Amino acid sequence: MYKVGDTCYFLVSGINVVEGVIRSCKGGLYTVRYGEGKGIRLPEKRLYHTLEDAVAAIPRKGKEPQYRSPYDYM
């Protein structure tokens with residue numbers, strides 16, 4: 001649960017972590033102010049208390065892609 005004025009972190013496009021400040025909460029959605037006058041409404045499950053938690057939530061690829069050469073098929 002966040003309160004008005006709390007600092008939070010969230011992901012933009014699934015890869016960038018952005019810091020914001022909670023401005024209000026209505027209907028389970030938090031209004032977060034970030035950057036130079038920008039704002040966004042997010043559910044609580046998309047907000048993180050610490051930068052480390054937000055970075056840990058960035059989806060990682062499972063395995064490195066295996067590159068094949070044309071000679072693998074001969």
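Keep in mind the model is a prediction, meaning the values are calculated, not measured.

## Considerations on the confidence of the model for the protein
Moving on, step 1. Confidence along the protein averages 86 in pLDDT terms, with 84% of residues attaining 70 or more.
Moving on, step 2. Confidence, expressed as mean pLDDT per element, reaches its minimum in the protein at helix α1 (residues 51-56) with 91 and its maximum at strand β3 (residues 29-34) with 96.

## So, the pairing of strand β2 (residues 16-26)
Moving on, step 1. Where strand β1 (residues 7-12) meets β2, 6 bridges bridge the pair, whose relative direction is antiparallel. In the strand pairing of β2, Val12 is matched with Asn16.
Moving on, step 2. In this sheet, β3 lies alongside β2 in antiparallel orientation, the contact comprising 5 bridges. Residue pairing in the sheet places Ser24 in a bridge with Thr31 of β3.
Moving on, step 3. In sequence, β2 turns back onto β3 through a hairpin of 2 residues, with Gly27 there showing a positive phi of about 60°.

## Thoughts on the packing of aromatic side chains
Moving on, step 1. The tally for this structure, following the rule as stated, stands at 2 aromatic pairs.
Moving on, step 2. Ring centres 5.7 Å apart and planes at 80° place the aromatic pair Tyr2 and Tyr30 in the edge-to-face group. One end of the pair, Tyr2, is in the segment before β1; the other, Tyr30, is in strand β3, and 28 residues separate them in sequence.
Moving on, step 3. Overall, Tyr30 belongs to the buried group, its relative accessible area being 2%.
Moving on, step 4. Measuring from centroid to centroid gives 5.4 Å for Phe10 and Tyr34, while their planes differ by 80°, and the two rings are edge-to-face.

## Comments concerning the pairing of β3
Moving on, step 1. Note: β3 against strand β4 (residues 38-43), 6 bridges, orientation antiparallel. Paired with Tyr30 across the two strands is Leu42, which belongs to β4.

Conventions adopted
Residues numbered from 1 in each chain as written. Predicted model: local features only at pLDDT ≥ 70, side-chain atom pairs only at ≥ 80, totals over all residues. Heavy atoms only, no water. pLDDT = per-residue confidence, 0-100. Helix = DSSP H or I, 4+ residues; strand = E, 2+ residues; numbered from the N terminus. Pairing = 2+ DSSP bridges. Phe/Tyr/Trp six-rings, centres within 6.5 Å; stacked < 30°, edge-to-face > 60°. Buried < 20%, exposed > 50% of the residue type's maximum accessible area, 1.4 Å probe, protein only.

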